[in-house]
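Residue-level listing of the chains:
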Amino acid sequence: MASALVSSTVLSVFLVFIATVSAQTAPAPAPSGPLNFTGILDKNGQYTYFLRFLADTQVGSQVQNQLNTTSEGFTVFAPTDNAFNNLKPGLINSLDPQKKVELVLFHVLPKFYSLNDLQFVSNPVRTQATGQDGAAYGLNFTGQNNQVNVSSGVVETQINNALYQKKPLAVYQVDKVLLPAAFFEASSPAAAPSPATKKASGTKSNSTSSSTADEPAAADNSGSMGRNMGMGLVLGLALACMGFLS
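Procedures and definitions
- Residues numbered from 1 in each chain as written.
- Predicted model: local features only at pLDDT ≥ 70, side-chain atom pairs only at ≥ 80, totals over all residues.
- Heavy atoms only, no water.
- 1 Å grid on protein atoms, 1.4 Å probe; cavity = no way out; pocket = protein on both sides within 12 Å on 5 of 7 lines; lining within 4 Å.
- Points joined across faces, edges and corners; volume = space filled by probe spheres on them.
- Helix = DSSP H or I, 4+ residues; strand = E, 2+ residues; numbered from the N terminus.
- Nonpolar A, V, L, I, M, F, W, Y, C, P; charged D, E, K, R; others polar.
- Buried < 20%, exposed > 50% of the residue type's maximum accessible area, 1.4 Å probe, protein only.
- Arc of directions from axis to C-beta.
- Contact = heavy atoms within 4.5 Å.
- Pairing = 2+ DSSP bridges.
- Phe/Tyr/Trp six-rings, centres within 6.5 Å; stacked < 30°, edge-to-face > 60°.
- Salt bridge = Lys/Arg side-chain N within 4 Å of Asp/Glu carboxyl O.

This part covers the layout of surface pockets. Estimated volume of the largest pocket: approximately 260 Å³. Lining the largest pocket are 14 residues, with Tyr 49, Phe 53, Phe 84, Ile 92 and Asn 93 positioned closest to its centre. The set of elements that each furnish at least two residues to the lining of the largest pocket consists of helix 3 (48–56) and helix 5 (81–85). By residue number, the principal contributor to the lining of the largest pocket is helix 3, which donates 4 residues. Along the lines of polarity and charge, the residues of the lining of the largest pocket split into 7 nonpolar, 3 polar and 4 charged.

Structure below.
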């Protein structure tokens with residue numbers, strides 16, 4: 001019995017020793033990989049068009065590179081594929097390459113904002129597109145009880161889903177493409193004269209021309225009248241002299 005007790009004790013010590021050695025030699029858990037911005041969108045699906053724009057404009061790689069160095073972070077609003085499908089046909093194709101870059105940057109804020117933060121920001125909030133082409137590109141936020149709406153000045157939509165929300169990156173789903181108001185603000189052309197103005201101007205010009213053209217005729221008539229009066233005066237004097245002589 002004593003022998004069995006000793007054997008049991010030795011076995012327990014041996015097992016504890018093995019467990020300790022295993023714990024010390026077990027590899028530490030691998031550190032989490034770098035934050036993959038576009039991977040978040042790709043994993044969640046339904047962002048094919050936005051991912052394509054991020055790649056074509058290189059905005060996706062810019063945000064990814066700056067995530068490793070920024071202290072402020074980024075907030076991205078990702079329109080769904082349905083949001084792009086609901087745009088006016090031909091709108092995206094009508095944009096030149098620079099405008100497409102501005103459109104994508106308009107969906108990126110140069111700071112990390114939680115949903116709660118967005119309820120209390122000072123509007124308008126500057127986007128990454130601000131300063132492009134000398135235009136001001138800002139977004140306005142309103143909401144309460146964690147229900148937040150975002151307005152571009154052209155469209156307004158609710159922020160429905162937080163795809164990722166951990167500093168330095170927040171990615172939110174939006175069901176409309178945020179179109180900048182600056183895209184639709186054409187400089188007003190100089191006011192063209194109205195037809196009435198043109199007509200009045202034309203009439204005045206014709207009247208002036210007519211008066212100018214008639215001035216020589218008026219002068220000629222005045223001269224003719226002077227000559228007739230002179231001849232009448234001479235004839236009258238001649239007749240008076242003849243009467244006197246007779």
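What helix 4 (residues 59–67) keeps buried is the set Val 59, Gly 60, Val 63, Gln 64 and Leu 67. The buried side chains of helix 4 occupy one side of the element, clustering within an arc of 135° when seen end-on. As for helix 4, its buried residues are in contact with helix 2 (37–44), helix 3, strand 1 (74–79), helix 6 (97–105), strand 2 (108–109) and strand 7 (169–174).

The subject of this paragraph is the pairing of strand 4 (residues 138–144). Here strand 3 (residues 125–126) runs beside strand 4; their pairing, made up of 2 bridges, is antiparallel. For Val 125, the partnering residue across the bridge sits in strand 4 and is Leu 139. Sheet topology note: the strand 4/strand 5 (residues 147–151) ladder contains 5 bridges and is antiparallel. Opposite Gly 143, over in strand 5, you have Val 148 as the bridge partner. Hairpin remark: strand 4 followed by strand 5, antiparallel, with 2 residues in the connecting loop; positive phi at Asn 145, about 55°.

It is worth spelling out unusual backbone geometry at this point. The peptide bond linking Asn 123 to Pro 124 adopts the cis configuration, its omega dihedral lying at -10°. Going from Lys 167 to Pro 168, the amide bond is cis rather than trans, its omega being 20°. For Pro 168, the location among the structural elements is in the loop between strand 6 (156–166) and strand 7. In this model, Gln 46 sits at a positive phi of 55°, which is unusual for a non-glycine residue.

Take empty space enclosed by the protein next. In total, this model carries 1 cavity of 30 Å³ or more according to the counting rule given. In this structure, the largest cavity spans a volume of roughly 30 Å³. Contributing to the lining of the largest cavity are Phe 50, Phe 53, Phe 84, Leu 103, Val 104 and His 107. If you list the elements that add at least two residues to the lining of the largest cavity, you get helix 3 and helix 6. Of the residues belonging to the lining of the largest cavity, the class tally is 5 nonpolar, 1 polar and no charged.

This next bit is on the packing of aromatic side chains. Inspection of the entire model under this criterion finds 6 aromatic pairs. Between the aromatic rings of Tyr 49 and Phe 84, the centroid separation amounts to 5.9 Å while the plane-to-plane angle is 55°, which identifies the pairing as tilted. Pair noted here: Tyr 49 is in helix 3 and Phe 84 is in helix 5, with a separation of 35 residues, a long-range link. Ring geometry for Phe 106 and Tyr 137: centres 6.0 Å apart, planes at 70°, overall edge-to-face. Within this pair, whereas Phe 106 is found in the loop between helix 6 and strand 2, its partner Tyr 137 is found in the loop between strand 3 and strand 4, the two being separated by 31 residues in sequence. On the basis of relative accessible area, Phe 106 is assigned to the buried category, the value being 1%. Ring pairing ties together the aromatic residues Tyr 49, Phe 53 and Phe 84, which thus form one cluster.

Under the counting rule described, the total for this entry stands at 1 salt bridge. A salt bridge links Glu 102 to Lys 99; the nearest nitrogen and oxygen atoms lie 3.7 Å apart. Highlighted residues: Glu 102 and Lys 99, both in helix 6, separated by 3 residues, approximately one helical turn. Overall, the relative accessible area of 0% leaves Glu 102 in the buried class.

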